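A look at the structure
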Amino acid sequence: DLCFLKQLWKIAHSDKFQSIRWVDEGVFVALAEEMFKKEVLARRGLGRVFELESMESFHHQLNLHRLRELPEVSDLSNSGEEFPAEDAATPAPRKLLHFCHNPNFKRHHPQLLARCKPR
């Protein structure tokens, strides 16, 4: 079932979400965890993105679909790709960012999603 990956790919592309985006030319996805919880996982009703309610469940899905969490990918501050803080006054601290990678999960290649078979 690729529904999780398709949704993740869509929201990483969407301007509607501030908590997740592509980095390093679309090779990795970065997310600001606290903002992601409120902006994505807390949605209910018609606006619901995933059938998940916690970061633990989200991380389980990432692992199930072989998206690996990486400790550090790039220097976002040099790329102009800072995440806004929740109060929008200062950028989100890097320690709250999570980076995920799978060689078949790339910004400009949705056709590769079919290769991200769940375990």
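No experiment lies behind these values; they were computed from the predicted model shown.

Notes on the overall build of the protein chain
Broken down by element type, the protein chain carries 4 helices and 4 strands. In the protein chain, the order of α-helices and β-strands from amino to carboxyl end is α-β-β-α-α-β-α-β. Expressed as a percentage of its 119 residues, the buried residues of the protein chain come to 42%. Considering only contacts within the protein chain whose residues lie at least 6 apart along the sequence, 60% involve residues at least 24 apart. A total of about 6900 Å² of accessible surface is found on the protein chain, and carbon and sulfur atoms cover 51% of it.

With respect to the environment of R21
Within the element layout of this structure, R21 appears in strand β1 (residues 20–23). Note: C-alpha distance between R21 and F99 (78 residues apart in sequence) is 9.8 Å.

Thoughts on helix α2 (residues 33–41)
Residue pairs spaced three or four apart in an α-helix point in one direction, given the helix's 3.6 residues per turn. Looking at α2, one finds that the buried residues are E33, M35, F36, E39, V40 and L41. Summarising the axial view, the buried residues of α2 lie within an arc of 165 degrees, below the 170-degree limit, and thus occupy one face. As for α2, its buried residues are in contact with α1 (3–13), β1, β2 (28–32), α3 (55–64) and β4 (97–101).

Structural notes on the confidence of the model for the protein chain
Residues with a pLDDT of 70 or more make up 78% of the protein chain, whose mean pLDDT is 83. Confidence, expressed as mean pLDDT per element, reaches its minimum in the protein chain at helix α4 (residues 76–79) with 44 and its maximum at α2 with 94. Within the model, the stretch residues 74–80 combines pLDDT values under 50 with 11 contacts to residues more than four positions away or in other chains.

A short note on the pairing of β1
Two faces, one strand: in a regular strand the side chains alternate between the faces of the sheet. Burial along β1 is two-sided: I20 and W22 and R21 and V23, pointing in opposite directions, are all buried. Direction of pairing for β1 relative to β2: antiparallel, over a ladder of 4 bridges. Following the sheet pairing, I20 is matched in β2 by L31. The antiparallel pairing of β1 with β2 creates a hairpin that spans 4 residues between the two strands, and D24 there sits at a positive phi of about 50 degrees.

Let's talk about the packing of aromatic side chains
By the definition in use, this model includes 5 aromatic pairs. These aromatic residues form a ring-pair network of at least three members: F4, F36, F50 and F58.

Some points on the pattern of salt bridges
Applying the stated criterion to the full structure yields 3 salt bridges. Two residues, E34 and K37, come together in a salt bridge whose shortest N-O distance is 3.1 Å. Taken as a pair, E34 and K37 lie in helix α2 at a separation of 3 residues, close to a single helical turn. Since its relative accessible area comes to 33%, E34 is described here as partly exposed. Note that E53 and R48 form a salt bridge whose closest N and O atoms lie 3.5 Å from each other. Given the relative accessible area of 56%, E53 is considered exposed. By relative accessible area, which is 25% here, R48 ends up partly exposed. Bridged by salt links that share partners, the residues E33, E34 and K37 form one connected network.

The rules we used
- Residues numbered from 1 in each chain as written.
- Predicted model: local features only at pLDDT ≥ 70, side-chain atom pairs only at ≥ 80, totals over all residues.
- Heavy atoms only, no water.
- Helix = DSSP H or I, 4+ residues; strand = E, 2+ residues; numbered from the N terminus.
- Buried < 20%, exposed > 50% of the residue type's maximum accessible area, 1.4 Å probe, protein only.
- Contact = heavy atoms within 4.5 Å.
- Areas by Shrake-Rupley, 256 points an atom, 1.4 Å probe, with all protein chains shown as cover.
- Arc of directions from axis to C-beta.
- pLDDT = per-residue confidence, 0-100.
- Pairing = 2+ DSSP bridges.
- Phe/Tyr/Trp six-rings, centres within 6.5 Å; stacked < 30°, edge-to-face > 60°.
- Salt bridge = Lys/Arg side-chain N within 4 Å of Asp/Glu carboxyl O.

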